[in-house]
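Listed below are the residues making up each chain.
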Amino acid sequence: SRNTKKKSDFRYYLTVVTVVLGGSAQFYSYGVVNPAQRLIMDWIKQTYLERTGISLSVTQLNLFWSFVVSSIAVGAIVGALLTRVISERCGRRNGLILNGAINVVGAVLELLAKPTRSPELLLFGRFILGVNMGLTSGLCPMYLMEITPAASRGVAGTLHQVAVAFSDWFSLLIGLPEVLGSDVMWPFAFAFPGLFALLLVLVLPFSPESPKYLMSTRKDRMASLDACRSLVGHDAAQHMYEELVREHIQEQDQSPATFRELFTSPQLRVPLAAAAVVMLAQQFTGCTAVFAYSTDMFVNAKLDEQTARFATLAIGIAYFIFTCSAPLLIERVGRRPLLLFQLSACFVALLVLTIFTSLQAYSKVSWASYGTIGALVVYMCVYGVGSPIPWMITGELFTQRFRSTAVTVSVFIAWFLAFLTSTAYLPFSQLVGVSFSYLPFLVGLLISTIVMFFLLPETRHRAPSEILEEVRERSSSLAMGRPWEAVRPTSRQEMQRLMEHSDEHSYASMDNVSSAGEDRY
């Protein structure tokens, strides 16, 4: 009935909004340190001076600040490793509820750091929030895609990254001294996401569990059908349910895969390598360093601190706007072309940024600062266009049995590299200079983009078995030293294109015959 359909639509959209705000938007915690960097570094320095009577040196302070920034990545690594266990034992929905409770604890610790004059509590609170973010990276896209019908699954998967982009610029806004980033209010800026996490903990228990999880892991077909009806209504539920049954039959009597099975299965080595390279490439774009230290980059471009903070906010908004275009482009253009465009454009933007910072530092060219600012703006725009793809493509490369384990590995890679980057970038930049600090990103990005061009297939609207077959064909061509064969269409794609072409000709000839017959009469 119409009322039932309205109720199911309301429940579905309420679930999506709750997960997006209470889960995906928790990436706010990563960026909020950016505009408040100078203020909190002064607080840390003053606190240790009062506690020990010894002032921290510039190197010691930079190192401590690097740990404050990277502690969230360390926590995210722990959260990533827990993704498989929590998603399989607790379920996707209950795992998100538990994750929301973890976030609330972390937010309380952040709130108490300044009143207790404890930089260590600030660091530990960010570690707890990092655990939340690591779990969020795997659980949110997984749950959103599994509660969504197949036709809209790609769009649902990108909502996670759109929320991440929103939280990035929103954290830059909240962290401004004019908002909550002042000397008195910054603990509230750091604890702010706890409100959305609390909302998730209160609302999500009234939402259904993932139908795919109930079918494949819990082996409860009736509960899966009820969840489908709760999400899409009685009319569309049967079709969604039948798709789940077909996938379940293919994987019947197979328990969720262990890490050992994932790493030792010869059939999965190549797709696992492809998923890992996608995450490696994303981190080699330098996104972690730009998100954490863009205000410092603008200060190096000779902007005053206030203007640098507003410039950081501006590029955060640009990133969000371009990320909003991703759901539309991903379905129209495809995953592979969009990802290759993003990586190539990021390479060009970082190269231009390196050139302008070199001119500014070594040739004392005054106008080069405008080029630096322009390169950062362009970088954030092109990065946003393809940023959702790495977080969703792993789920499309693997079947349900291996999905949660593969997502755990993929998220671990992302956060481990984020930890290395956020910890090492500031000391490395101080050692070699800002201009040369981008070179590791350029080299890694170039290599990983070339590897993906030959190895990664298009995954849009394709079954995991078909994708795996093409990945193996591409890998085999590379292993035989024939990379040009890896980028050719597969025999199946050629056959499909030939059939479509012949169908068009047959329809056209039938139209000609019928029109000729009409003319005769």
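Residues numbered from 1 in each chain as written. Predicted model: local features only at pLDDT ≥ 70, side-chain atom pairs only at ≥ 80, totals over all residues. Heavy atoms only, no water.

A closer look at the overall build of the protein chain
Thought 1: Counting secondary structure elements, the protein chain contains 24 helices and zero strands.
Thought 2: When the 521 residues of the protein chain are sorted by exposure, 56% land in the buried category.
Thought 3: Within the protein chain, contacts between residues separated by at least 24 positions form 81% of all contacts whose residues are at least 6 apart in sequence.
Thought 4: Total accessible area computed for the protein chain in this model is approximately 22400 Å², and 66% of it derives from carbon and sulfur atoms. (Helix = DSSP H or I, 4+ residues; strand = E, 2+ residues; numbered from the N terminus. Buried < 20%, exposed > 50% of the residue type's maximum accessible area, 1.4 Å probe, protein only. Contact = heavy atoms within 4.5 Å. Areas by Shrake-Rupley, 256 points an atom, 1.4 Å probe, with all protein chains shown as cover.)

Some words on the nonpolar core
Thought 1: Within the largest apolar cluster, 115 residues are counted, with the highest numbers of intra-cluster contacts made by Ile 44, Trp 65 and Trp 415.
Thought 2: With 12 residues, helix H20 (residues 400–432) is the largest single contributor of residues to this core.
Thought 3: In contact with Ile 44, other than residues within four places in its own chain, are Leu 56, Leu 61, Phe 64, Trp 65, Val 68 and Pro 119.
Thought 4: Val 19, Cys 228, Val 232 and Leu 244 belong to the second largest nonpolar core, which has 28 residues in total. (Core = buried A, V, L, I, M, F, W, Y, C linked by side-chain atoms within 4.5 Å.)

Section: the state of the cysteines
Thought 1: Overall, the coordinates contain zero disulfides when judged by the stated rule.
Thought 2: Looking at the unpaired Cys 287, the closest cysteine sulfur is the one in Cys 346, lying at 8.3 Å. (Disulfide = S-S within 2.5 Å.)

Notes on the pattern of salt bridges
Thought 1: Taken as a whole and judged by the stated rule, the model has eight salt bridges.
Thought 2: Of the charged contacts in the structure, one is a salt bridge between Glu 50 and Arg 117, with a shortest N-O distance of 2.6 Å. In this pair, Glu 50 sits in helix H3 (residues 37–52) while Arg 117 sits in the loop between helix H5 (92–113) and helix H6 (119–146), placing the two residues 67 residues apart along the sequence.
Thought 3: The partner of Asp 226 in a salt bridge is Arg 229, with the nearest N and O atoms 3.8 Å apart. Here Arg 229 and Asp 226 lie together in helix H11 (residues 221–250), a separation of three residues that amounts to about one turn.
Thought 4: Through salt bridges with shared partners, one network takes in Glu 88, Arg 92 and Glu 146. (Salt bridge = Lys/Arg side-chain N within 4 Å of Asp/Glu carboxyl O.)

Here we look at a nonpolar patch on the surface
Thought 1: A grouping of Val 108, Leu 111, Leu 112 and Phe 188 is seen on the molecular surface, where their side chains present a nonpolar patch of about 330 Å² in accessible area.
Thought 2: Sort the elements by how many residues they give to the nonpolar patch and H5 lands first, with three residues.
Thought 3: Within the secondary structure, Phe 188 is located in helix H8 (residues 186–191). (Patch = residues over 30% accessible without salt bridge, like charges linked within 9 Å, V, L, I, M, F, W, Y side chains within 5 Å.)

Things to note about the environment of Pro 390
Thought 1: Within the element layout of this structure, Pro 390 appears in helix H19 (residues 389–397).
Thought 2: When its relative accessible area of 1% is taken as the criterion, Pro 390 is described as buried.
Thought 3: When the C-alpha positions of Pro 390 and Leu 339 are compared, they lie 8.4 Å apart, and in sequence the two are 51 residues distant.
Thought 4: Filtering out sequence-adjacent residues up to four positions away, Pro 390 remains in contact with Val 278, Met 279, Gln 282 and Leu 339.

Structural notes on the packing of helix H15 (residues 305–324) against helix H18 (residues 368–386)
Thought 1: Interaxial distance between H15 and H18 falls to 7 Å at its minimum, and their mutual angle equals 30°. Relative to H18, H15 is oriented roughly parallel. For the element pair H15 and H18, the recorded crossing hand is right-handed. Two secondary-structure elements touch here, H15 through Ile 315, Ala 318, Tyr 319, Phe 322 and Thr 323 and H18 through Val 377, Met 380, Cys 381, Tyr 383, Gly 384 and Val 385. (Axes fitted to C-alpha atoms, helices over the stretch in contact; angles between N-to-C directions. Parallel < 35°, antiparallel > 145°, perpendicular 65-115°, else oblique. Left-handed = near helix turned anticlockwise from the far one by under 90°.)

As for the packing of aromatic side chains
Thought 1: Tallying each qualifying case throughout the model produces 23 aromatic pairs.
Thought 2: Pairing Phe 166 with Trp 169 gives two aromatic rings, centres 5.6 Å apart and planes at 90°, and the pair type is edge-to-face. Pair noted here: Phe 166 and Trp 169 are both in helix H7 (residues 153–174), with a separation of three residues, about one helical turn.
Thought 3: According to the relative accessible area criterion, Phe 166 is partly exposed, its value standing at 29%. (Phe/Tyr/Trp six-rings, centres within 6.5 Å; stacked < 30°, edge-to-face > 60°.)

A few points about helix H9 (residues 194–203)
Thought 1: Of the residues making up H9, those classed as buried are Gly 194, Ala 197 and Leu 200. Down the axis, H9 shows its buried residues gathered within 115° of arc, on one side only. Turned more than 90 degrees off the buried face of H9, the exposed positions are Leu 195 and Leu 202. (Arc of directions from axis to C-beta.)

Comments concerning the environment of Pro 141
Thought 1: Inspection of the secondary structure assignment puts Pro 141 in helix H6.
Thought 2: For the pair Pro 141 and Val 19, spaced 122 residues apart in the sequence, the C-alpha separation amounts to 9.5 Å.
Thought 3: Contact partners of Pro 141, with chain neighbours within four places excluded, come to Thr 136, His 160 and Trp 391.

Some details on helix H14 (residues 287–300)
Thought 1: Bending of H14 peaks at approximately 75° at the position of Tyr 293.
Thought 2: Across the 14 residues that make up H14, a large majority, 12, are buried.
Thought 3: Residues of H14 that are buried: Cys 287, Thr 288, Ala 289, Val 290, Phe 291, Ala 292, Tyr 293, Ser 294, Thr 295, Asp 296, Met 297 and Phe 298.
Thought 4: Residue Lys 302 follows H14 closely and has a positive phi angle near 75°. (Bend = angle between axes of the 7 residues up to and from the residue.)

Some thoughts on the environment of Tyr 28
Thought 1: Locating Tyr 28 in the fold gives a position in helix H2 (residues 28–31).
Thought 2: In this structure the C-alpha to C-alpha distance between Tyr 28 and Asp 168, which are 140 residues apart in sequence, comes to 5.4 Å.

Quick word on the confidence of the model for the protein chain
Thought 1: Across the protein chain, the average pLDDT comes to 82, with 89% of residues at or above 70.
Thought 2: Of all helices and strands in the protein chain, the one with the weakest mean pLDDT is helix H24 (residues 491–520) (45), whereas H5 scores best (95).
Thought 3: Every residue in residues 490–521 is under pLDDT 50, and counting partners more than four places away or in other chains gives eight contacts. (pLDDT = per-residue confidence, 0-100.)

Digging into the side chain of Asp 168
Thought 1: Counting through the fold element by element, Asp 168 comes out in helix H7.
Thought 2: Despite its burial, Asp 168 pairs with no opposite charge; the closest candidate is Arg 126, at 10 Å N-O.
Thought 3: In this structure, Asp 168 is in contact with Phe 27, Phe 291 and Tyr 319, ignoring residues within four places of it in sequence. (Lys, Arg positive; Asp, Glu negative; His and termini not counted.)

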